[in-house]
Amino acid sequence: MATGAQPRAGVWTTRWTTLTLVLIPVGIAINFVGKFVAQALKLPLWLDSIGTVLAAFIAGPWVGALTGALNNIIYGLTVDPVSLWYFITSVGIGLSAGIMARLGFIRSTARAVIAGLVVALVATVVSFPINIYLWSGQTGNVWGDALFTALTLRGVPLWLASFLDELVVDLPDKVLTVLIAFGLFRALPRRLLSQFDLGDAGHRRTA
Amino acid sequence: MRPVGLYVERQSPIHGLDPITKLSYAVCLALVPFVAGDLRITFVALVVNLGLLVVGRVLREGLLALAGVGFFLATLFIVQGMVYPGNATPLVSVGPLVLYQEGLAHAAWLSARFINLTLSAFVLLFTTRPADLVDELMRAGLPPRVGYVLLSVLQIIPSMAARVSVIQDAQRSRGMETEGPVWVRMRALLPVLGPLVISSLVAMQERALALEVRGFGAPGPRTFYRPPWQHRLAWPVRLAALSALLGALVWRLAG
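Just so it is clear, the model here is predicted, and its values are computed rather than measured.

Asks: Talk me through the overall build of chain B; I want residue IDs and the actual numbers.
Replies: Of regular secondary structure, chain B possesses eleven helices and two strands. Ordered by position from the N terminus, the helices and strands of chain B form the series α-α-α-α-α-β-β-α-α-α-α-α-α. Relative to its length of 255 residues, chain B is extended, with a C-alpha radius of gyration of 24 Å against a globular reference of 18 Å. The dimensions of chain B, computed from C-alpha atoms along their principal axes, are 65 × 60 × 30 Å. Out of the 255 residues in chain B, the part that is buried amounts to 31%. Counting contacts in chain B only where the partners sit at least 6 residues apart, residues at least 24 apart contribute 72% of the total.

As structure tokens, this is what we get:
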């Protein structure tokens, strides 16, 4: 390695430094602030996983998963106990966002939309069984639940109605979350990003 | 800057109990209805939780916080009343919509389970400083690095939340619209989140350096600043909570 050519980071590579560890609480705080700003602007979206996605973009799927897990644990232990049930959803969001980033899906806006769709699908697939167990299929979102009711009354099976209930909420929410995280990621100084293994998520390549 | 969480500073026997005992209690009592699968048992757990909130002198705060989920519970009754698969006996009809008895009973069960989960957690959350809980968890074996992450979240959030309003004011003075239709409000997201997130991520490098020069990455065991939190009722309460959970399991298997 005397020539300075770094080995290319794989999808799962993580550089465990103090900086990586400090990224996790900052990511969790960004989640919290995103949710807070969305509520302050009265937006009909959650936007409570921008930090998890951003941490995954910067430091890879494992850090994204850990940020998601600890996010729901700390949130469950301070404000909202129900969020503990959904910690697997956050892990799924962090993992999928990190994998998509490392596979090169945040090199352009169009690709980032695809990454957003994948993250939305993963979040939905993980969440809807929890919704079925806890709430017999509802999500608590008015639009999603209205769809759920209409579908179930027309004889659509519960699992499918519940899946679509979660999907109509998650799809716009996660696509927008990923796009916001993508915009923020692109604006980060290179000096900061150079301290992480970005893999194929590397941006503004000089080559 | 308001600290994160529901903790209310007060003097009470529940406040004096150690955090791990309260955590064990909250987990066991929250799971009782899920294990027992019985509405009557759920009511017993609910009454116990309400009683402890009274002893902890946080009943009013607890009920106020619970009111926030009232809307969701109302939708639960409406939707389940209409679509629950076991629906057979119509009870109320409003125009074309019919609410069935079985669905409403099912919604009552789901909400009782949910309210009990929330109140069990409230016994812990309203009477325990989050930092104390994390400290005791580390003493019980949580890796110190994970403990650092959890504790620093509690410090970072209030300072970031305070900066949100400063940035919002600054951007509004530059003409950012924060009211109006969804699209206008949506456009306000980036001017607020951008400066906030990027400055916090840049500041993160300084924090990592500050930690490293203070031996954050050093090998070897860690010591604690405060003595362990001991309480003579710690084990009796933990065992009582655990036996309540086991009792619920026996009820389920016997019933």
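Asks: Give a description of the overall build of chain A that names residues and reports values.
Replies: Looking only at helices and strands, one finds eight helices and zero strands in chain A. The linear arrangement of helices and strands in chain A, starting from the amino end, is α-α-α-α-α-α-α-α. The C-alpha radius of gyration of chain A comes to 18 Å, within 12% of the 17 Å expected for a compact globule of 207 residues. Seen through its C-alpha atoms, chain A measures out along the principal axes to roughly 70 × 35 × 30 Å. Counting all 207 residues of chain A, 54% fall into the buried class. Put simply, 67% of the contacts in chain A that link residues at least 6 apart link residues at least 24 apart.

Asks: Before we move on, could you go through the interface of chain A and chain B and cite the residues and values that matter?
Replies: Taken together, the contact pairs 43 residues of chain A with 54 residues of chain B. Going through the elements one at a time, α1 (18-40), α3 (61-78), α6 (142-153) and α7 (158-187) of chain A are the ones with two or more residues in the side of chain A that touches chain B. At 16 residues, the largest contribution of residues to the side of chain A that touches chain B is made by α1 of chain A. Classifying every residue of the side of chain A that touches chain B gives 32 nonpolar, nine polar and two charged.

Asks: Summarise the domain arrangement of chain B; cite the residues concerned and give the values.
Replies: Here chain B is partitioned into domain 1 (13-128 + 229-254) and domain 2 (135-213). Between domain 1 of chain B and domain 2 of chain B, the C-alpha centre-to-centre distance is 33 Å.

Asks: Describe in detail the environment of Leu-54 of chain A, supporting the description with residues and values.
Replies: All names here are of chain A. As for its placement among the helices and strands, Leu-54 is situated in helix α2 (residues 50-59). Along the chain, Leu-54 and Phe-128 lie 74 residues apart, while their C-alpha atoms are 24 Å from each other. Residues in contact with Leu-54, not counting those within four places in the same chain, are Gly-27, Ile-30, Ala-181, Leu-184 and Phe-185.

Asks: How would you sum up the UniProt feature "transmembrane region" (unreviewed entry) in chain A? Please name residues and give values.
Replies: The UniProt record annotates "transmembrane region" (unreviewed entry) at residues 16-33, 45-64, 84-105 and 112-134 of chain A. Taken as a whole, residues 16-33 of chain A contains 89% helix and 0% strand, while its terminal C-alpha atoms sit 25 Å from one another.

Asks: Tell me what's going on with the UniProt feature "transmembrane region" (unreviewed entry) in chain B, and back it up with residues and numbers.
Replies: All names here are of chain B. Mapped onto the present numbering, the UniProt feature "transmembrane region" (unreviewed entry) falls at residues 23-56, 63-84, 104-126, 146-166 and 186-204. Annotation note: span residues 104-126, helix share 96%, strand share 0%, distance between end C-alpha atoms 31 Å. Counting secondary structure, residues 146-166 comes out at 100% helix and 0% strand; the distance between its end C-alpha atoms is 31 Å.

Asks: Can you tell me about the pairing of strand β2 (residues 97-100) of chain B, naming the residues and giving the values?
Replies: Residue and element names in this part refer to chain B. When strand β1 (residues 90-94) meets β2, the two strands line up antiparallel, connected through four bridges. Looking across to β2, one finds that Val-92 is bridged to Leu-99. Linking β1 to β2, which pair antiparallel, is a turn of two residues; within it Gly-95 sits at a positive phi near 60°.

Asks: Requested: an account of the confidence of the model for chain B, with residues and values cited.
Replies: Across chain B, the average pLDDT comes to 93, with 99% of residues at 70 or higher. Among the scores for the predicted complex, ipTM is 0.89 and pTM is 0.91.

Asks: Give me the lowdown on the nonpolar core, citing residues and values where you can.
Replies: Residues Ala-29, Leu-54, Phe-57, Ala-97 and Ala-181 of chain A together with Leu-29 of chain B are the most contacted members of the largest nonpolar core, which totals 102 residues. Looking at this core element by element, the count peaks at 13 residues for α1 of chain A. In terms of nonpolar packing, the next biggest core, distinct from the first, is built from twelve residues, Leu-151 of chain A together with Val-83, Tyr-84 and Tyr-100 of chain B among them.

Asks: Talk me through the packing of α3 of chain A against helix α4 (residues 87-102) of chain A; I want residue IDs and the actual numbers.
Replies: Packed helix pairs are characterised by how far apart their axes lie and by the angle those axes make with each other. Residues and elements named next belong to chain A. Contact pair α3 / α4: the axes reach a minimum separation of 7 Å and the direction vectors enclose 160°. Judged on the interaxial angle alone, α4 and α3 are roughly antiparallel. For the crossing formed where α3 meets α4, the hand is right-handed. Along its contact with α3, which presents Pro-61, Gly-64, Ala-65, Thr-67, Gly-68, Ala-69, Asn-71, Asn-72 and Ile-73, the element α4 presents Phe-87, Ser-90, Val-91, Ile-93, Gly-94, Leu-95, Ala-97, Gly-98, Ile-99 and Arg-102. The residue makeup of the contact of α3 with α4, split by class, is ten nonpolar, eight polar and one charged.

Asks: Describe the confidence of the model for chain A, with residues and values.
Replies: Chain-level statistics for chain A give a pLDDT mean of 90 and a share of 91% at 70 or above. Long-range and interchain partners of residues 1-5 of chain A, a stretch whose pLDDT sits below 50, account for zero contacts in this model, where long-range means more than four residues apart.

Asks: Lay out the packing of helix α5 (residues 70-83) of chain B against helix α6 (residues 101-125) of chain B in plain terms, naming residues and giving numbers.
Replies: All names here are of chain B. Their axes nearest at 7 Å, the elements α5 and α6 cross at an angle of 145°. Where α5 crosses over α6, the handedness of that crossing is right-handed. Contacts between α5 and α6 involve Leu-73, Leu-76, Phe-77, Gln-80, Gly-81, Met-82 and Val-83 from the first element and Gly-103, Leu-104, His-106, Ala-107, Leu-110 and Ser-111 from the second. Its residues assigned to classes, the contact of α5 with α6 shows eight nonpolar, five polar and no charged.

Asks: Pulling in residues and values, what's your account of unusual backbone geometry?
Replies: All names here are of chain A. With a phi angle near 55°, Lys-42 is a residue other than glycine that sits in the positive phi range. Given 10 C-beta atoms within 10 Å, Lys-42 falls into the exposed group. Even without glycine at this site, Ser-136 takes up a positive phi of about 55°. For Ser-136, the location among the structural elements is in the loop between α5 (109-135) and α6.

Asks: Quick rundown of helix α7 (residues 130-139) of chain B? Include the residues and the values.
Replies: Here α7 of chain B has its buried residues at Pro-130, Leu-133, Val-134, Asp-135 and Glu-136 of chain B. Against α3 of chain A together with α2 (19-36) and α8 (144-173) of chain B lie the buried residues of α7 of chain B. Just downstream of α7 of chain B lies Gly-141 of chain B, where phi reads positive at about 125°.

Thresholds, definitions, all that
- Residues numbered from 1 in each chain as written.
- Chains lettered and ligands numbered in written order.
- Predicted model: local features only at pLDDT ≥ 70, side-chain atom pairs only at ≥ 80, totals over all residues.
- Helix = DSSP H or I, 4+ residues; strand = E, 2+ residues; numbered from the N terminus.
- Rg over C-alpha atoms; globule rule 2.2 N^0.38 Å.
- Buried ≥ 20, exposed ≤ 12 C-beta atoms within 10 Å, placed from the backbone.
- Contact = placed C-beta atoms within 7 Å.
- Nonpolar A, V, L, I, M, F, W, Y, C, P; charged D, E, K, R; others polar.
- Domains from an automatic or database assignment.
- UniProt positions renumbered as here; feature names shortened; annotations may be inferred.
- Pairing = 2+ DSSP bridges.
- pLDDT = per-residue confidence, 0-100.
- Core = buried A, V, L, I, M, F, W, Y, C linked by C-beta atoms within 7 Å.
- Axes fitted to C-alpha atoms, helices over the stretch in contact; angles between N-to-C directions.
- Parallel < 35°, antiparallel > 145°, perpendicular 65-115°, else oblique.
- Left-handed = near helix turned anticlockwise from the far one by under 90°.

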